[in-house]
Amino acid sequence: MSAFFLVLGLGFGSWVVRIPDVQHELGISKGSLGAALLAVTVGSLVGMPLAGWLGTRMDGAWVLRVSGAVLAVSIALPPYATSWWTLVLALIVVGVGNGALGVAMNVQGSLVERTLDRPVMSSFHGVFSIGGLVGSLGGGAVASAGIGPRAHLLTTAALLLCLTFAAGSRLLSSPPDREKAAPVLVRPTKAALIGGTVAFCVLFGEGAVSDWSAVYLKNDLSAAALAGMGYAAFAGAMAAGRLAGDRLAAALGPRRLVIYGGCIGTVGITSVVLIVHPLVTVAGFGLMGLGLSVVYPQVVSAAGATGGNDTAPDAAIAAVSTIGYFGFLVGPPAIGVLAQMTSLRWAFLLVALCSVLIIPLAGRALTATVPGRDASE
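Residues numbered from 1 in each chain as written. Predicted model: local features only at pLDDT ≥ 70, side-chain atom pairs only at ≥ 80, totals over all residues. Heavy atoms only, no water.

(A) Fine view of the pattern of salt bridges. Summed over all chains, the structure comprises one salt bridge. Between R18 and D21 there is a salt bridge whose closest N-O contact spans 2.8 Å. Overall, the relative accessible area of 2% leaves R18 in the buried class. (Salt bridge = Lys/Arg side-chain N within 4 Å of Asp/Glu carboxyl O. Buried < 20%, exposed > 50% of the residue type's maximum accessible area, 1.4 Å probe, protein only.)

Right under this line is the structure:
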């Protein structure tokens, strides 16, 4: 099961480092590239509810295998684009695979949790973080060796397909519940809206840090040597926190863990705003990543458990994931607009506000009994 989280992390990490090469080969501007990259978001917003809908009508294991295969194959497509439009089409396919796989693997993870009767979702997401790190570092090394994006991503796609087929034989079967089947697009339940809002807050912060941390360190704090360290600290702490998250959830209870995570994340990003020093800023981003690392997996786990009562887990997780993904979509541009009006430093207060919102919403988002410990503890 962990292999699918690794597939998604490796695939996206590998693609991201080759974006500049694809831009260069097509000869498109930064603005045109930015517009094309939005196609990934569009595709994801299609793939998420689609996977949730398919999961209510077919075996979830089958949906996961197909989603993994689509994502794997799609990674090889962008370097073969011959124009801006063909790049957009390729990235839509990447987005569909990304969104569908994200939902399908979280549904399977929720099923594993219920089968084992203990929390494991956070560890799965930790594997995804590690995959992204390995994919980006390995892709950077391959690019430095002079290997072109076509050969690199085609080989990566083949590797991901092999992982998908190998792991696909070990999945838990989850026959569809016809009584809970739903159309592709439905009005989210109250529980999904609350859980989705928490997910939105987490992904809003993640998108903001990934796009603006290096800019802030280099341009605002004149710390070019540390420009890449802000996001590295954030991503590294997030991976570490997720790997420890299941043990913490069992010890503290999911609700308390999410509250603590929101508090730690708030302290981290607030220190970035209040203390203007490069090293403090890097540490603050790391503390923020550590705090937020445990939140999203617990919310997804709760959505899967709650969905089992009156809604198919597939649809519940799809709803939470789709709402949350909007945070990743609007976070970076919202920070940019606010930075234009004030400064990038004070724009990060918007991220702090999202972190603060996690704290009061945690109790209402984690109303289900999550494997390992009652969420009410």
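(B) Highlighting the packing of helix α9 (residues 229-252) against helix α10 (residues 254-274). Contact pair α9 / α10: the axes reach a minimum separation of 7 Å and the direction vectors enclose 120 degrees. Residue-level inspection shows G245, L248, A249 and L252 of α9 in contact with α10, the latter providing P254, R256, L257 and Y260. Here the residues of the contact of α9 with α10 are counted per class, giving six nonpolar, one polar and one charged. (Axes fitted to C-alpha atoms, helices over the stretch in contact; angles between N-to-C directions. Helix = DSSP H or I, 4+ residues; strand = E, 2+ residues; numbered from the N terminus. Contact = heavy atoms within 4.5 Å. Nonpolar A, V, L, I, M, F, W, Y, C, P; charged D, E, K, R; others polar.)

(C) Representation of helix α8 (residues 190-220). The axis of α8 is deflected most strongly, by about 45 degrees, at W212. Note on α8: the residue one or two positions beyond its end, S222, has a positive phi of about 55 degrees. (Bend = angle between axes of the 7 residues up to and from the residue.)

(D) Layout of the packing of aromatic side chains. Applying the stated criterion across every chain, the model contains five aromatic pairs. When the ring of W84 is compared with that of W85, the centres are 4.8 Å apart and the planes differ by 85 degrees; the resulting orientation is edge-to-face. Look at W84 and you get partly exposed, because its relative accessible area is 26%. One aromatic cluster is present, formed by Y216, F285 and F348 through successive ring pairs. (Phe/Tyr/Trp six-rings, centres within 6.5 Å; stacked < 30°, edge-to-face > 60°.)

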